[in-house]
There are 2 protein chains.
Amino acid sequence: MAISPEAFRTAMARLGAAVNIVTTDGPAGRSGCTASAVCGVTDLPPTLLVCLNRNNDSNVAIKRNGVLCVNVLAHHHDTLSSVFAGLLGHDDAAQRFSHGEWERLATMAPVLADAAVAFDCRVAQATEIGTHTVFFAEIEAIRIEPDAAVLFWFDRSYHRLPAA
Amino acid sequence: MAISPEAFRTAMARLGAAVNIVTTDGPAGRSGCTASAVCGVTDLPPTLLVCLNRNNDSNVAIKRNGVLCVNVLAHHHDTLSSVFAGLLGHDDAAQRFSHGEWERLATMAPVLADAAVAFDCRVAQATEIGTHTVFFAEIEAIRIEPDAAVLFWFDRSYHRLPAA
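Definitions and limits used
- Residues numbered from 1 in each chain as written.
- Chains lettered and ligands numbered in written order.
- Predicted model: local features only at pLDDT ≥ 70, side-chain atom pairs only at ≥ 80, totals over all residues.
- Heavy atoms only, no water.
- Helix = DSSP H or I, 4+ residues; strand = E, 2+ residues; numbered from the N terminus.
- Rg over C-alpha atoms; globule rule 2.2 N^0.38 Å.
- Buried < 20%, exposed > 50% of the residue type's maximum accessible area, 1.4 Å probe, protein only.
- Contact = heavy atoms within 4.5 Å.
- Buried area = accessible area lost by both parts, 1.4 Å probe.
- Salt bridge = Lys/Arg side-chain N within 4 Å of Asp/Glu carboxyl O.
- Polar contact = N/O pair within 3.5 Å; in protein donor to acceptor, adjacent residues only side chain to side chain.
- Nonpolar A, V, L, I, M, F, W, Y, C, P; charged D, E, K, R; others polar.
- Least-squares fit on C-alpha atoms with pLDDT ≥ 70 in both.
- Pairing = 2+ DSSP bridges.
- Axes fitted to C-alpha atoms, helices over the stretch in contact; angles between N-to-C directions.

Undergrad: I'd like a description of the overall build of chain A, backed by residues and values.
TA: When you go through chain A residue by residue, the secondary structure sums to 3 helices and 12 strands. Taking 2.2 N^0.38 as the reference for a compact globule, 164 residues should give roughly 15 Å; the C-alpha atoms of chain A span a radius of gyration of 15 Å, in line with that estimate. In terms of principal-axis extent, the alpha carbons of chain A reach across some 45 × 40 × 35 Å. Of all 164 residues assigned to chain A, the portion counted as buried reaches 55%. When contacts within chain A are restricted to residue pairs at least 6 apart in sequence, long-range pairs at least 24 apart make up 62% of them.

Right under this line is the structure:
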């Protein structure tokens, strides 16, 4: 019995995750999108992975720029999350940056000033799996807001979790 | 400035995630461990990924068995999570299955009877990244408990989130 795309999405909604804005900048220009498929891979070398649809503009830009920043969203970033998910009419990914305050750390990738944690990375490897690309990215700089409550996406709605 | 393993782990603790028990069975025998580095990849074909340390017994068993099940833990599974994390003295991964009620779906991999959602998968591809292996696994069967509250791991402690 094959699993339909709908059954896959319904089940995946039960696998909650942090909400992140993944950004990039460089020769291909600035771009960013909301993504929940992010996880740590190894601390040697410090590496995380990001999974993005190949139709996503940010996917193309990350491939050309070779850098990305994972900005883990804090509790008050639900509107920003919607902006970078393209839900509020910002089809042009570069325009989305008029929302939020953006800085830089080690790479050119935009860093959200009040992210719960930001991982500024250089892409080490990319693997194409079906409709998506999995980017393996080595972390060059980290910035933490230790007390920030964070945003979670679970069962198709936002939840908030306080810091310990 | 290189990121130390400690700095990596401190920052990754701020990237919360669902808590899962990843299991396998087959020619290499039954094995299972707790893992948070799991995410959906693509619905075509329905695929998820699991990231496991290469020193983990379950990593070796999954490679030989070619199947795995991701059991997303419900709110009451915190002790089971600790058992499969090897925190309660069950060094032998096969012994851990005396805790919890286990069944089968499409593959040989053990399925937790009251998991919030279970993804029964066949391994399609494995990529070695530093100390870890990333398994890309195609989903052959899914079972959902739609009303189960789930367990999250964030800031080095458990949290619970209700279904919508």
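There is more to say after this.
Undergrad: Give a detailed account of the interface of chain A and chain B, specifying residues and quantitative values.
TA: Of the residues lining the interface, 60 residues belong to chain A; the matching set on chain B comes to 60 residues. Of the roughly 4,700 Å² buried at the junction of chain A and chain B (both faces included), carbon and sulfur atoms supply 74%. Viewed at the interface, chain B and chain A are joined by 2 salt bridges. Summed over the shared surface of chain A and chain B, the number is 12 residue pairs in polar contact (both at pLDDT 80 or more). Among the elements of the structure, helix 1 (5–12), strand 1 (17–18), strand 4 (38–43), strand 5 (46–53), strand 9 (117–129), strand 10 (132–144), strand 11 (150–154) and strand 12 (157–161) of chain A are those that each provide at least two residues to the side of chain A that touches chain B. Element by element, the count of residues in the side of chain A that touches chain B is highest for strand 10 of chain A, at 8 residues. Residues that form the side of chain A that touches chain B fall into these classes: 40 nonpolar, 13 polar and 7 charged.

Undergrad: Would you mind going over the relation of the copies chain A and chain B in detail, with residue names and values included?
TA: Once chain A has been moved 0.0 Å along the axis and rotated by 180°, it coincides with chain B to within an RMSD of 0.0 Å. Read as a symmetry element, the transformation amounts to a two-fold axis. Taking C-alpha positions as the reference, the residue of chain A nearest the rotation axis is Ala17 of chain A, at 2.6 Å. Here 100% of the interface residues in chain A have copies in chain B that are interface residues too; the copies meet face to matching face.

Undergrad: Help me get a handle on the environment of Ala18 of chain A, residues and values and all.
TA: The residue Ala18 of chain A is located in strand 1 in this model. Accessibility expressed as a relative area gives 3% for Ala18 of chain A, which makes it buried. Placed 140 residues apart in sequence, Ala18 of chain A and Tyr158 of chain A show a C-alpha to C-alpha distance of 9.6 Å. Once residues lying within four places of it in the same chain are set aside, the contact partners of Ala18 of chain A are Ala35, Ser36, Val72, Leu151 and Phe152 of chain A together with Leu15 and Gly16 of chain B.

Undergrad: Please give an account of the sheet that holds strand 10 of chain A that cites residues and values.
TA: Residues and elements named next belong to chain A. On the basis of which strands lie adjacent, the open sheet formed by 7 strands has the order 3-2-6-9-10-5-4 and antiparallel pairing. A single partner strand is all that each edge strand has here, and the edge strands are strand 3 (31–35) and strand 4. Across the sheet, the mean angle from the axis of one strand to that of its neighbour is 30°, orientation sign disregarded. In this sheet, strand 6 (residues 67–72) lies alongside strand 2 (residues 20–24) in antiparallel orientation, the contact comprising 4 bridges. In the sheet register, Val22 faces strand 6, and the bridge partner there is Val70.

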